Amino acid sequence: IAFINYNEKGFAIPDFSYGKEDAIRDQVCRATQMIECPASGLRFLNGDTGEITNHATLEDAVADPAVPDAYLKVLESPKLFKDMFILADEALSSYRKMMHNAGGLIVAPNIRTANLFRDELIMLTGKEYPIVHSKTDKAPDIIKKFRESREEWLISVDMVTEGVDIKRLMV
């Protein structure tokens, strides 16, 4: 592209950059906090051999060549999701005591898992929360409606960023 400078690897060199630190300082978005939830006592089924392997930690499972995609499998685990959701819902309840419209974002790694998480939430809470992903009809409208509501949870696959797209997201 004319008038664009490129580095030695062929990537464009920006004339200007505006990162998250700049945006936080300018109060365009807020800082987010990532909390590690340890996964331990993991069991994986090898689809080819039918063998079950046990791992003390996620790091052990990721390092084991007999467990391909261990990290993704854990992210898609309904049991781990339930455990994490219970902790997250407690945190959201605390925020809602101070900020009545505080909301939570459930980030799913793919559409199939987002639907699984929605089904798990229905069983856990008795409520059906909105879900948005690339194949959701009128996803921008659903996000806008959630942004302006007091709804507690939104399930998303690559559609929403906490602290940027919806300021009331706290968990």
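Reading guide: rules and limits
- Residues numbered from 1 in each chain as written.
- Predicted model: local features only at pLDDT ≥ 70, side-chain atom pairs only at ≥ 80, totals over all residues.
- Heavy atoms only, no water.
- Phe/Tyr/Trp six-rings, centres within 6.5 Å; stacked < 30°, edge-to-face > 60°.
- Helix = DSSP H or I, 4+ residues; strand = E, 2+ residues; numbered from the N terminus.
- Buried < 20%, exposed > 50% of the residue type's maximum accessible area, 1.4 Å probe, protein only.
- Contact = heavy atoms within 4.5 Å.
- pLDDT = per-residue confidence, 0-100.
- Axes fitted to C-alpha atoms, helices over the stretch in contact; angles between N-to-C directions.
- Parallel < 35°, antiparallel > 145°, perpendicular 65-115°, else oblique.
- Left-handed = near helix turned anticlockwise from the far one by under 90°.

Caption draft 1: Just the packing of aromatic side chains, in detail. One pass over the full model with this rule turns up 3 aromatic pairs. On the numbers, 6.1 Å between centres and 25 degrees between planes, the contact of phenylalanine 81 with phenylalanine 85 is stacked. Of the two residues, phenylalanine 81 and phenylalanine 85 both sit in helix H4 (residues 78-98), 4 residues apart, roughly one turn of that helix. On the accessibility criterion, phenylalanine 81 (8% relative accessible area) is buried.

Caption draft 2: Representation of the side chain of arginine 96 within the structure. When you line up the elements, arginine 96 lands in helix H4. Excluding residues that lie within four positions of it along the chain, arginine 96 makes contacts with Asn101, Ala102, Arg150, Glu151 and Glu152.

Caption draft 3: A look at unusual backbone geometry. Positive phi, close to 70 degrees, is recorded for phenylalanine 3, a residue that is not glycine. The residue lysine 138 is not glycine, and still its phi comes out positive at about 55 degrees. On the secondary structure map, lysine 138 appears in the loop between strand E4 (131-132) and helix H6 (139-147). With a relative accessible area of 63%, lysine 138 lands in the exposed category.

Caption draft 4: A look at the confidence of the model for the chain. Averaged over all residues, the pLDDT of the chain is 88; the fraction at 70 or higher stands at 98%. The lowest-confidence element of the chain is strand E1 (residues 40-45), averaging 83 in pLDDT; the highest-confidence one is strand E5 (residues 153-156), averaging 96.

Caption draft 5: Up close: the packing of H4 against helix H5 (residues 111-125). Here H4 crosses H5 at 55 degrees, and the two axes come no closer than 11 Å. The angle between H4 and H5 falls in the class oblique. Here H4 and H5 pass one another in a crossing that is right-handed. For the pair H4 and H5, contact is made by Pro78, Phe81, Lys82 and Phe85 and by Leu116, Phe117, Glu120, Leu121, Leu124 and Thr125, respectively.

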